[in-house]
Amino acid sequence: MSEERVRVQIGETGVATVTMVRADKHNALDRAMFEGLVNAAEQLADATSVRAVVLHGEGKSFCSGLDVASFMAGSGGTGVLLERGDDHLANFAQRVTYDWSLVPAPVIAAIHGNCFGGGLQIALGADIRIAAPDAKLSVMEVKWGLVPDMGITQTLPRLVSVDVAKELTFTGRIVSGSDGCALGLVTRTADDPLSSALALAEEIARKSPDAVRAAKRLYNQTWTSNDAGTALSLESELQTGLIGKPNQIAAVVAGMSGERPVFSDPDS
């Protein structure tokens, strides 16, 4: 990659900050940005010291969507986005959203400015979204005669009803962060979404990483499933893997003593 597009920083508390750094283009998605996001997710998926992740964009916007001009100017055009590796469920474009579900730690998107098209789909791939009240969000693909195809089928159904999803997709209309919160696209709003996201990440980082990771897995695998038997079995399986382990004991001791717990990194 000739230019840095995504910066990953991991703090002493285990909070990782992932920053899209193409501020002059409102963090529009060129090939280097796609590669940077995929690499960041891969790095964090293997980082057992990471307790929570904050994803945001540098400059005036979170991400303004696909930089079509950059792809048309390069060899292969946008066709590269549809390429799928043999060992990946998602194609190249879908991985910048879907791969956040493969990061065991919670991912929090801090949204400000423009969050359009592919940018919104990236945010939807996070576990939690905190947006500025005046942020601008849109499922914008219909404007270009396209359908949203960056993993939205795996994210939007968990957040809104199908009629809301259709209305947003059919029209491509822009909604504010406040309206997005009312619709369910956004978890909550904050005047300074990055500071709010970092504070939430620090709060999560003080909890047992084993329990937090297990809870993310539990909800990711069962939330939209109608298979009650499998879901109930997974609850029991995950709980059995937590009970009596060092981090669970540390949580109990801390809860009873009022002292801050010290947790060890998960095994994987």
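Residues numbered from 1 in each chain as written. Predicted model: local features only at pLDDT ≥ 70, side-chain atom pairs only at ≥ 80, totals over all residues. Heavy atoms only, no water.

1. A few points about the sheet that holds strand E8 (residues 175–176)
Moving on, step 1. What the three strands build is an open sheet, ordered E5-E7-E8; its pairing is mixed. Where the open sheet ends on each side, the last strands, each with one partner, are strand E5 (114–116) and E8.
Moving on, step 2. Sheet topology note: the E5/strand E7 (residues 136–138) ladder contains three bridges and is parallel. Looking at E7, one finds that Cys115 is bridged to Leu137. (Pairing = 2+ DSSP bridges. Helix = DSSP H or I, 4+ residues; strand = E, 2+ residues; numbered from the N terminus.)

2. Things to note about the packing of helix H8 (residues 209–222) against helix H9 (residues 228–242)
Moving on, step 1. The geometry of H8 relative to H9 is characterised by a closest axis approach of 10 Å and an angle of 170° between their N-to-C directions. Classified by the interaxial angle, the pair formed by H8 and H9 is roughly antiparallel. Within the contact between the two elements, H8 uses Asp210, Ala211, Ala214, Arg217, Leu218, Gln221 and Thr222 and H9 uses Ala231, Leu234, Glu235, Glu237, Leu238 and Leu242.
Moving on, step 2. By residue class, the composition of the contact of H8 with H9 is seven nonpolar, two polar and four charged. (Axes fitted to C-alpha atoms, helices over the stretch in contact; angles between N-to-C directions. Parallel < 35°, antiparallel > 145°, perpendicular 65-115°, else oblique. Contact = heavy atoms within 4.5 Å. Nonpolar A, V, L, I, M, F, W, Y, C, P; charged D, E, K, R; others polar.)

3. Focus on a nonpolar patch on the surface
Moving on, step 1. Where nonpolar side chains cluster on the molecular surface, the patch consists of Leu66, Val68 and Met72 and spans about 270 Å² of accessible area.
Moving on, step 2. One can find Leu66 in the loop between strand E3 (52–57) and helix H2 (68–73).
Moving on, step 3. What makes Leu66 partly exposed here is its relative accessible area of 34%. (Patch = residues over 30% accessible without salt bridge, like charges linked within 9 Å, V, L, I, M, F, W, Y side chains within 5 Å. Areas by Shrake-Rupley, 256 points an atom, 1.4 Å probe, with all protein chains shown as cover. Salt bridge = Lys/Arg side-chain N within 4 Å of Asp/Glu carboxyl O. Buried < 20%, exposed > 50% of the residue type's maximum accessible area, 1.4 Å probe, protein only.)

4. A look at the pattern of salt bridges
Moving on, step 1. Overall, the coordinates contain 11 salt bridges when judged by the stated rule.
Moving on, step 2. Salt-bridge contacts for Asp99 lead to Arg95; the nearest nitrogen and oxygen are separated by 2.9 Å. Exposure class is identical for Asp99 and Arg95. Each is buried.
Moving on, step 3. Residue Lys216 is joined to Asp127 by a salt bridge in which the shortest nitrogen-to-oxygen separation is 2.9 Å. In this pair, Lys216 sits in helix H8 while Asp127 sits in the loop between helix H4 (118–124) and strand E6 (128–131), placing the two residues 89 residues apart along the sequence.

5. Focus on the side chain of Asp67
Moving on, step 1. Structurally, the position occupied by Asp67 is in the loop between E3 and H2.
Moving on, step 2. With sequence-adjacent residues up to four places away left out, Asp67 is seen in contact with Arg22, Ala28, Leu29 and Asp30.

6. Things to note about the side chain of Asp30
Moving on, step 1. Here Asp30 shows up in the loop between strand E2 (15–20) and helix H1 (31–45).
Moving on, step 2. Judged by its relative accessible area of 7%, Asp30 is buried.
Moving on, step 3. At a separation of 2.7 Å, a polar atom in the side chain of Asp30 contacts the side chain of Arg5.
Moving on, step 4. Dropping the residues within four chain positions of it, Asp30 is found in contact with Arg5, Arg22, Asp67, Ser70 and Phe71. (Polar contact = N/O pair within 3.5 Å; in protein donor to acceptor, adjacent residues only side chain to side chain.)

7. Thoughts on the packing of aromatic side chains
Moving on, step 1. One pass over the structure, following the stated rule, counts two aromatic pairs.
Moving on, step 2. On the numbers, 5.6 Å between centres and 35° between planes, the contact of Phe34 with Phe92 is tilted. Here Phe34, found in helix H1, pairs with Phe92, found in helix H3 (residues 92–98); they are 58 residues apart in sequence, far enough to count as distant.
Moving on, step 3. Judged by relative accessible area, Phe34 falls into the buried class, the value being 0%.
Moving on, step 4. Plain terms: the ring middles of Tyr219 and Trp223 are 5.1 Å apart, the flat faces sit at 75° to each other, and that makes the pair edge-to-face.
Moving on, step 5. Given the relative accessible area of 48%, Tyr219 is considered partly exposed. (Phe/Tyr/Trp six-rings, centres within 6.5 Å; stacked < 30°, edge-to-face > 60°.)

8. Some remarks on the sheet that holds E3
Moving on, step 1. Sheet architecture is open: six strands sit in the order E1-E2-E3-E4-E6-E9, paired in mixed fashion. Of all strands in the sheet, those bounded by a partner on one side alone are strand E1 (6–10) and strand E9 (188–189).
Moving on, step 2. Of the pairings in the sheet, the one linking strand E4 (residues 107–111) to E6 comprises four bridges and is parallel in character. From the neighbouring strand, Ala109 faces E6, where its bridge partner is Arg129.
Moving on, step 3. Seen against the sheet, helix H7 (residues 193–205) touches E2, E3, E4, E6 and E9 and runs at an angle of roughly 165° to E4.

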